[in-house]
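Each chain, letter by letter, is given below.
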Amino acid sequence: MRKARIALLPIICFWITGCSAPPDMADRGQDFATDLAAFTEYTLDRLDRVPGISVAVVRGDETEFAGGFGLADIEHNRPVSAETSFYIGSVTKSFVALALEILDREGVFELDRTLAEAAPDVDFREDLPAGEVTLRQMLYHTGGIHSDGLSFRQTRSGEWTPEIAWEMLHYLRPQEDAGPGEFNYTNSGYNIVTTIAQHELGLSWQDIVETYVHAPLGLSQTATRIDDARRSGQLATAYVAGGSASGSTPAELLKSDVTMQSAGGHIMTANDAARWLIFQMNDGRLDGSQVIDTEIVETTHRPHAGINGDHPSFLTREHYGLGWFLGHTGPDPVIYHGGGFTGYAALFAFMPEREVGVAVMTNEDSVGAVAADIITEFVFDWYRAPEEAWTRGVERLNEASAQLRRETRALRLQELLPPRRDIQLSLPIESYAGRYINAEYGTIDIAMDNGELVATMGQLSAPLTGMGSDREREDWMRVEFYDGEGMVIFFRPEDGEINELAFFSRLFVRDGE
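Reference entry: report on the structure contained in this document. Quick caveat, the model's predicted, so the values are computed rather than measured. (Residues numbered from 1 in each chain as written. Predicted model: local features only at pLDDT ≥ 70, side-chain atom pairs only at ≥ 80, totals over all residues. Heavy atoms only, no water.)

**What to know about the overall build of the protein chain**
Phase 1: Across its full length, the protein chain carries 13 helices and 25 strands.
Phase 2: A buried classification covers 56% of the 513 residues belonging to the protein chain.
Phase 3: The long-range share in the protein chain, meaning contacts at least 24 apart out of those at least 6 apart in sequence, stands at 65%.
Phase 4: When the accessible surface of the protein chain is summed, it comes to about 20,700 Å², and 46% of that surface belongs to carbon and sulfur atoms. (Helix = DSSP H or I, 4+ residues; strand = E, 2+ residues; numbered from the N terminus. Buried < 20%, exposed > 50% of the residue type's maximum accessible area, 1.4 Å probe, protein only. Contact = heavy atoms within 4.5 Å. Areas by Shrake-Rupley, 256 points an atom, 1.4 Å probe, with all protein chains shown as cover.)

Written out as structure tokens, the structure is:
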């Protein structure tokens, strides 16, 4: 069983080992780079479950700071630098949306077509609003369509090819909690649109982004594939924070090339993050040249979808643009996007009116998301009122630590006294081993390994356990493919055999071959 880990609301909780005092700086507010370095080091000291942090700050068309703090790899004592790559998750959407808008303006790939017009050969479900929803709406998260199997295969299991992805469009379903025209943030729209683009143009989303965005902007330290960067040591190692004194441990679930997908599939350095922010804040200008048409860039920054509901951050969520959230930080308009996955968190944000932008990337996701939020707020505060930035930053750390101390007690108890998870089976354990198939979600292989059952779906693999002493049910088992996220597999015995199982609310049938 995997260790318990911290997975709390990012705005209010993180690990703290002590209440160390902030550095004594009589000249705070005088030099930005000095203050940023001191505050980030202090944050790392307080949030010691975050191994490393990469920061880029720009003002106008100049880079104010690009560098790193802490460790990219604990085992090898490798420090974070401005050239260390971090996975940035859903910040990818801002790249993909821009590239697709360029293709639309050039008449190469029309975004204002309906789903039915863009994929006329697909046999969609009768209740799917395929003739109503446009590709553009899906990039705004207002399409009202889910792509459960497609997104799972592309983001998690990796069990897909372009041909399989196209077949998955048959299984698209209406969203239950938001219809067409209503905002509901998911990965589905980006996965659907880029699947159609690849089928129509013969270009992967990586080909499109690298050609139309990376190359023109000179983003030489940005990539859409991760395996080579990990092998070369360029990539920061992914860690997860637990509740015990053992500290952060390497993540078990890792991104690979096959799960780097259009809704979350970029790695980036602080150097390139600075270039990306300068380009955004200057409406497509970079290095003194208009790299991409101003109107195209401005389109991505305009409000296209209204958002209702609270957001646990100092950044409000009021609208979604094209690959960006739009809101306010205090009185100032802000354009931003966050992202993450097991072992990584990132936040890219800029205040257009003050011409200040910041990107923070970390190699731990839950506590790291808090660090990214706090450091971003510190930067924005510094440029509004330098003398107050430290006060607000320390206050926020103190408020959060009080909440965390209460939360971590339960995590420590869970590590010391994990729940019993005895499997209750109606048949001999070996009867459950086999290959089970669902056309939408793919294959689950159940195999015996040293007397226990292990489930594998593509690159995901984890042992099967019981549900917990107070929830045990015969032939119900728990699998934790993702750190801290248990899911239920229900086997269906009949006439002394197991021929079916239920998972993801779908039926998987044993392969008879």
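**Things to note about helix α5 (residues 148–157)**
Along an α-helix, residues three or four positions apart point the same way, because every turn accommodates 3.6 residues.
Phase 1: Extensive coverage of α5 is indicated by the burial of ten of its ten residues.
Phase 2: Inspection of α5 places Asp-148, Gly-149, Leu-150, Ser-151, Phe-152, Arg-153, Gln-154, Thr-155, Arg-156 and Ser-157 among the buried residues, and these make up the whole buried set.
Phase 3: In the stretch just after α5, Gly-158 is the one whose phi turns positive, near 75 degrees.

**Topic: the pairing of strand β17 (residues 356–362)**
Phase 1: In terms of residue burial, β17 counts as a mostly covered element, since seven of its seven residues are buried.
Phase 2: Burial of β17 is two-sided: the residues Val-356, Val-358, Val-360 and Thr-362 facing one way and the residues Gly-357, Ala-359 and Met-361 facing the other way are all buried.
Phase 3: Across seven bridges, the pairing between strand β1 (residues 52–59) and β17 is antiparallel. Residue Arg-59 lies in a different strand from β17, and its bridge partner there is Val-356.
Phase 4: Of the strand pairs in this sheet, strand β16 (residues 344–351) and β17 are connected by seven bridges, and their pairing is antiparallel. Residue pairing in the sheet places Ala-346 in a bridge with Met-361 of β17.
Phase 5: Counting the residues that bridge the hairpin from β16 to β17 gives four residues, and of these Glu-355 lies at a positive phi of roughly 55 degrees. (Pairing = 2+ DSSP bridges.)

**A look at the pattern of salt bridges**
Phase 1: Within the structure shown, the criterion is met by 27 salt bridges.
Phase 2: A salt bridge links Arg-136 to Glu-101; the nearest nitrogen and oxygen atoms lie 2.9 Å apart. Of this pair, Arg-136 sits in helix α4 (residues 135–139) while Glu-101 sits in helix α2 (residues 92–105), placing them 35 residues apart in sequence. The two residues Arg-136 and Glu-101 agree in class, both being buried.
Phase 3: The structure contains a network of salt bridges with shared partners spanning Glu-101, Asp-104, Arg-105, Asp-112, Arg-136, Glu-295, Glu-298 and Arg-302. (Salt bridge = Lys/Arg side-chain N within 4 Å of Asp/Glu carboxyl O.)

**Describing the sheet that holds strand β12 (residues 305–306)**
Phase 1: Here nine strands make up an open sheet; going across it, the order is β3-β2-β1-β17-β16-β15-β14-β13-β12 and the pairing antiparallel. Every interior strand has two partners, whereas the edge strands, β3 (78–79) and β12, have only one.
Phase 2: The sheet contacts of helix α10 (residues 270–281) involve β1, β2 (62–73), β16 and β17, and relative to β1 the element is tilted by about 30 degrees. (Axes fitted to C-alpha atoms, helices over the stretch in contact; angles between N-to-C directions.)

**Description of α2**
Phase 1: In a regular helix each residue adds 1.5 Å, so 14 residues correspond to 20 Å; α2 covers 20 Å between its end C-alpha atoms and thus fits that length.
Phase 2: Burial runs high along α2: 13 of the 14 residues are buried.
Phase 3: Directly beyond the C-terminal end of α2, a positive phi value near 75 degrees is found at Gly-107. (Expected span 1.5 Å × (residues − 1).)

**Description of the nonpolar core**
Phase 1: Counting 151 residues, the largest nonpolar core has Leu-115, Trp-276, Phe-348, Phe-481, Phe-491 and Phe-503 as the members making the most contacts within it.
Phase 2: When residues in this core are grouped by element, the largest group, eleven residues, is from helix α12 (residues 366–384).
Phase 3: The contacts of Trp-276, once residues within four sequence positions are left out, are Ser-94, Phe-95, Leu-98, Val-213, Leu-217, Leu-219, Met-268, Trp-324 and Phe-348. (Core = buried A, V, L, I, M, F, W, Y, C linked by side-chain atoms within 4.5 Å.)

**A word on empty space enclosed by the protein**
Phase 1: Within the structure shown, the criterion is met by one cavity of 30 Å³ or more.
Phase 2: What the largest cavity holds in volume is close to 50 Å³.
Phase 3: Taken together, Met-138, His-141, Gly-143, Gly-144, Ile-145, Gln-175, Asn-184, Thr-186, Ser-188 and Gly-189 make up the lining of the largest cavity.
Phase 4: For the lining of the largest cavity, the per-class residue count stands at two nonpolar, eight polar and no charged. (1 Å grid on protein atoms, 1.4 Å probe; cavity = no way out; pocket = protein on both sides within 12 Å on 5 of 7 lines; lining within 4 Å. Points joined across faces, edges and corners; volume = space filled by probe spheres on them. Nonpolar A, V, L, I, M, F, W, Y, C, P; charged D, E, K, R; others polar.)

**Quick word on the sheet that holds strand β20 (residues 452–457)**
Phase 1: Strands sit in the order β18-β19-β20-β21-β22-β23-β24-β25 around a closed barrel of eight strands; the barrel is antiparallel. Shown here is a sheet whose adjacent strand axes are inclined to one another by a mean of 30 degrees, direction ignored.
Phase 2: Pairing of strand β22 (residues 476–482) with strand β23 (residues 485–494), which is carried by five bridges, proceeds in the antiparallel orientation. Across the sheet, residue Arg-478 finds its bridge partner in β23, namely Val-488.
Phase 3: Lying on the sheet, α5 is in contact with β18 (434–438), β19 (442–449), β20, β21 (460–465), β22 and β25 (506–510); it crosses β21 at an angle near 100 degrees.

**Examining unusual backbone geometry**
Phase 1: Phi angles above zero are rare outside glycine, and His-141 is one such case at about 65 degrees.
Phase 2: As for its placement among the helices and strands, His-141 is situated in the loop between α4 and β5 (145–146).
Phase 3: With relative accessibility at 4%, the residue His-141 sits in the buried group.

**Notes on the packing of aromatic side chains**
Phase 1: Applying the stated criterion across every chain yields a total of 29 aromatic pairs.
Phase 2: Relative to Phe-491, the ring of Tyr-432 lies with its centre 5.2 Å away and its plane at 90 degrees, an arrangement referred to as edge-to-face. In this pair, Tyr-432 sits in the loop between α13 (386–416) and β18 while Phe-491 sits in strand β23, placing the two residues 59 residues apart along the sequence. This pair shows no difference in class: Tyr-432 is buried, exactly as Phe-491 is.
Phase 3: Ring geometry for Trp-476 and Phe-490: centres 5.1 Å apart, planes at 35 degrees, overall tilted. Of this pair, Trp-476 sits in strand β22 while Phe-490 sits in strand β23, and the two are 14 residues apart along the sequence.
Phase 4: For Trp-476, a relative accessible area of 24% translates into the label partly exposed.
Phase 5: The class of Phe-490 is partly exposed, set by a relative accessible area of 27%.
Phase 6: The structure contains a cluster of three or more aromatic residues connected by ring pairs, namely Phe-152, Tyr-441, Phe-481, Phe-503, Phe-504 and Phe-508.
Phase 7: In this structure, Lys-255 packs its charged tip against the face of Phe-341, placed 4.6 Å from the ring centre. (Phe/Tyr/Trp six-rings, centres within 6.5 Å; stacked < 30°, edge-to-face > 60°. Lys NZ or Arg CZ within 6 Å of the ring centre and 35° of its normal.)

**A look at the environment of Val-258**
Phase 1: Relative to the assigned elements, Val-258 resides in the loop between β8 (248–250) and β9 (267–268).
Phase 2: Taking the C-alpha atoms as reference, Val-258 lies 8.3 Å from Thr-155; in sequence the two are 103 residues apart.
Phase 3: With near-sequence residues (within four places) excluded, Val-258 lies in contact with Gln-154, Gly-158, Trp-160 and Gln-459.

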